[in-house]
Each structure stands twice: as structure tokens, then as C-alpha cells.
Amino acid sequence: MAVPVSQAWTVATYVLKQKLSGRKRYPLVLMLEPLFRCNLACAGCGKIQYPAHILKSELTPEECFKAVEECGAPMVSIPGGEPLLHPHMPEIVAGLVARKKYVYMCTNALLLKEKLHFFKPSKYLSFSVHVDGEKEHHDFSVCREGGHDIAMEGIRAAVAAGFRVTTNTTLFDGADPNSVRRHFDQLMAAGVESMMVSPGYTYDKAPDQNHFLGKAKSRRLFRAILSNRKKSWEFNTHPLFAEFLMGKRNFECTPWGMPTFSIFGWQKPCYLLQDGYADSFQELMEATNWDNYGAKSGNPQCANCMVHSGHEASAVDYNFGSLKGFIETAKRYMLPSLYPDAEAEKLLNEWKPAHAMPLVQIRSASNDQLQPVSGD
Ligand code: SF4
């Protein structure tokens, strides 16, 4: 199973309660961004372009706990920035675990091995390590030579220390599906519990604007990657969201499913866009004009978006929204499909590597010191 049974049960009972109470919009995962500073400068990132005084700011543990309680979602994802640069991250994680939240702490793992002893293994805590592909691809993607090796070392150290470890792979134009499939083999061999994969979002602030995927290209790429699956692969994405990525079904965006809280407050409407901020979760839900977002709205910022933070909660909602959705999902879990697809096999065999790595200079780990972590 890609997640512990207790987690699946907690999420299922939470969503059923929302449905039975007639709540139309409910949060599933809180995206808690306690800081924006990072020890990488990835070409496709839209989060690290803030001025220095913003990059130095961070949420306090109390602010994090208040947001988690206001929101009430059963799962908390901690992206950033690099959470391990936050001096109070162990305290934040311990507080969330004590509140029985299932926490995915997203990290590039550059500091994971040396910081592991600040955390305790728990069924509530998973390190979600950002690894975008095989060595060459990942190093280009994160603009740091040697980044892949350090991330894999961090994964192995965390697995050996008894932590739950998952991974997070973001794909851009130029990704080679054959290489991504080898990457999945390497991650599973390193002992990860399960993997998450998503297309990148077209951030207008990202340094590399040439390699974001449009919808048709995304579907073709994900069909090649996720069809004819190996039995050894485990994914922690909802199976129907994976089918959405492969172009087998459609979901409209439900941005309220993964609301974002950061040093600026509650971000409208989603993790990716910044159409203002609300002071409270309730204000976010009530004052956001949700009809302005998603592919159907005609909003050009949403036209090419297929990211998990907008669409995975839609798959979960569909799962629990009707008997049909429930049966379709139950079948995927009980009889996992490997998605046999001769056409996709052909696509894979004929795929021409685009040599389209982001055209940015990569920094060498040896000549660029990691940002020190204060307070530890
Ligand atoms: S479609 Fe994407 S960009 Fe638009 S609201 Fe949803 S998640 Fe945000």
C-alpha cells in the first residue's frame, strides 16, 4: 500500500464526513509554506524570486499551528523554500505530529542526512524528497552539480533510520519518459515508500520560461511514462489523478482542496497564483471568487495547468462523490492496473530525446557553499 492504512482510513472518514455534512468546498491538504528561502535556485521555481527581507522571513511554530487548526485538513504538506533551513522546523513537525496530522515535509535533501537526528520516525511524518530525474536531468533541473547524489544519499539515510520517505518528481518539456522510468526504478530500489509525479506549472517568475509543458504534451508524456507500469512501482498520488495526467479522464480544478498559508497569509486562490491574500481560512473560502479559476473559467493562467495541487483533490472528491467514483477507485486499489497500452509502448520506443534541458548554468556544489542553518 502506498500510504499506511491508518492514513487512508483517516482521509476517507474525513472526506465522507465533509460529504455527509453537505460541505461543497473542503480542504484536503494544507500547503504550509513557513519560508521562501532555499539553498537551491531551480530554473522552474516561482518561489525564490522575492527580495532579501522576504526570503529572511519565516512563520513561527505558533503561526503554523494556528493555520493548521483553522484549516482542519487531515494532511499537511510543507513545501517552501527549503523547510530544513527553518531553525524551528523540528518543533513545527513535532507539533503537527502531536496533532495527528499526516505531514509531508518537502525537501531537496541537501541537508537531510545531517538534520535527521532532529526528527523522530512516525507514521505521521514522511520526508517527501524532491528528485526530478536521473542524475544528469536532476542536476540540470535544480541547477546544481552533485544535487542528485546528495538527494539519493539523504533518501537512503532516512530510510535506514526508519523514516517514511516518499519522492516528488516535477516534469518539464524535454523530459525523456525512458529516463523517468529508470528514475522510478532507482527510487524504489533506494527504499522509498512511494512516488509522486506532476507536471511543472508555468510560473511567470521562473528564470527558464522555455520548458513548461502544455496540456497535450503533458498527456503524451505521462501516457508514455505511466502506461505499462512495473509492478514494483508505488505511487502516492490518487490513481484517478494519474489517469487525468495520462489523458484518460478529465477533472476540473478544485483549488480550495489544497489551500496555501505562508508569511503573507492565506493565498488566493491556490499554491501557484497570487491574486491577493486573506487574513483567515474562513475569509479565503468565503471571499475568493472560485468561478474565476480552473480551465473552464477561461482564465489564461489556468489554461495549461494540470498540477496535483489543483487537481488531485478533484480526483479524491470524485472518488467519494458517487457510487461510480467509489467503485472505480476501489477497483484501482484492489486490482492495481498496470495500464497495458501498445500505443504507449511504441511512443516510448520511438521517443526522441529533445536535448532540451533548461539552458541555465549549473552551480557546482564544491564552489557554492550551502546556506548555513541558524539556531541548531
Ligand atoms: S488551474 Fe492551476 S493555476 Fe488555476 S486555480 Fe487551479 S491550480 Fe491554480
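Residues numbered from 1 in each chain as written. Predicted model: local features only at pLDDT ≥ 70, side-chain atom pairs only at ≥ 80, totals over all residues. Heavy atoms only, no water.

Looking at empty space enclosed by the protein
- The tally for this structure, following the rule as stated, stands at 4 cavities of 30 Å³ or more.
- Of the voids in this model, the largest cavity is the one considered here, and its volume is about 130 Å³.
- Of the residues that constitute the lining of the largest cavity, the class distribution is 12 nonpolar, 5 polar and no charged. (1 Å grid on protein atoms, 1.4 Å probe; cavity = no way out; pocket = protein on both sides within 12 Å on 5 of 7 lines; lining within 4 Å. Points joined across faces, edges and corners; volume = space filled by probe spheres on them. Nonpolar A, V, L, I, M, F, W, Y, C, P; charged D, E, K, R; others polar.)

Description of a nonpolar patch on the surface
- On the surface, a nonpolar cluster with roughly 320 Å² of combined accessible area is contributed by Leu323, Phe326 and Ile327.
- Take Leu323: it is sitting in helix H13 (residues 323–334). (Patch = residues over 30% accessible without salt bridge, like charges linked within 9 Å, V, L, I, M, F, W, Y side chains within 5 Å. Areas by Shrake-Rupley, 256 points an atom, 1.4 Å probe, with all protein chains shown as cover. Salt bridge = Lys/Arg side-chain N within 4 Å of Asp/Glu carboxyl O. Helix = DSSP H or I, 4+ residues; strand = E, 2+ residues; numbered from the N terminus.)

Topic: the site of the ligand
- Taken together, Tyr201, Cys253, Cys270, Leu272, Leu273, Tyr293, Gly294, Gln301, Cys302, Cys305 and Gly310 make up the full set of residues adjacent to the ligand.
- Of all the cavities here, the one that holds the ligand is the largest cavity.
- Taken together, the residues of the shell around the ligand break down into 8 nonpolar, 3 polar and no charged. (Near = heavy atom within 4 Å. Sits in = over half its atoms within 2 Å of the grid points.)

Details of the packing of helix H8 (residues 177–189) against helix H9 (residues 215–226)
- Axis separation between H8 and H9 bottoms out at 9 Å; the angle between their running directions is 45 degrees. With respect to H9, the element H8 is oriented oblique. Relative to H9, H8 is oriented so that their crossing is right-handed. Contact with H8, carried on its side by Pro177, Val180, Arg181 and Phe184, involves Leu221, Ala224, Ile225 and Leu226 of H9 and no other residues of that element.
- Residue composition of the contact of H8 with H9, grouped by class: 7 nonpolar, no polar and 1 charged. (Axes fitted to C-alpha atoms, helices over the stretch in contact; angles between N-to-C directions. Parallel < 35°, antiparallel > 145°, perpendicular 65-115°, else oblique. Left-handed = near helix turned anticlockwise from the far one by under 90°. Contact = heavy atoms within 4.5 Å.)

Side note on the pattern of salt bridges
- By the definition in use, this model includes 14 salt bridges.
- Measuring nitrogen to oxygen at the nearest pair gives 3.0 Å for the salt bridge that ties Glu134 to Arg182. Within this pair, whereas Glu134 is found in the loop between strand S4 (125–130) and helix H6 (135–141), its partner Arg182 is found in helix H8, the two being separated by 48 residues in sequence.
- Assessed through its relative accessible area of 15%, Glu134 is described here as buried. (Buried < 20%, exposed > 50% of the residue type's maximum accessible area, 1.4 Å probe, protein only.)

Description of the sheet that holds strand S6 (residues 164–171)
- Spatially, the 9 strands line up as an open sheet ordered S7-S6-S4-S3-S2-S1-S8-S9-S10, and their pairing is mixed. The two strands at the open ends of the sheet, each matched to only one other strand, are strand S7 (194–199) and strand S10 (277–278).
- Examined bridge by bridge, strand S1 (residues 29–32) and strand S2 (residues 75–78) share 3 bridges and lie parallel to one another. Note that in S2 the partner of Met31 across the bridge is Ser77.
- In the packing of helix H4 (residues 89–98) onto the sheet, the strands contacted are S1, S2, strand S3 (102–107) and S4, and the crossing angle to S2 comes to about 170 degrees. (Pairing = 2+ DSSP bridges.)

Brief notes about the pairing of S1
- The alternating pattern of S1 places Val29 and Met31 on one face and Leu30 and Leu32 on the opposite face, and all of these are buried.
- Looking at chain direction, S1 and strand S8 (residues 260–262) are connected through 2 bridges and run parallel. When the sheet's bridge partners are listed, Met31 is paired in S8 with Thr260.

Digging into the nonpolar core
- The biggest cluster of nonpolar side chains holds 73 residues, and the ones touching the most others in it are Leu32 and Phe127.
- When sequence neighbours within four positions are dropped, the list of residues in contact with Phe127 reads Met105, Leu112, Leu116, Phe119, Ala158, Phe163, Arg164, Val165 and Thr166.
- By size, the runner-up hydrophobic cluster in this structure holds 26 residues, among which are Ala12, Met75, Tyr104 and Tyr293. (Core = buried A, V, L, I, M, F, W, Y, C linked by side-chain atoms within 4.5 Å.)

Some details on the side chain of Lys268
- Take Lys268: it is sitting in the loop between strand S9 (265–267) and S10.
- In this structure Lys268 is buried but unpaired, with Glu283 as the nearest side chain of opposite charge at 4.7 Å.
- For Lys268, the contacting residues outside a window of four places in its chain are Leu273, Gln274, Asp275, Gly276, Tyr277, Ala278, Leu284, Ala287 and Thr288. (Lys, Arg positive; Asp, Glu negative; His and termini not counted.)

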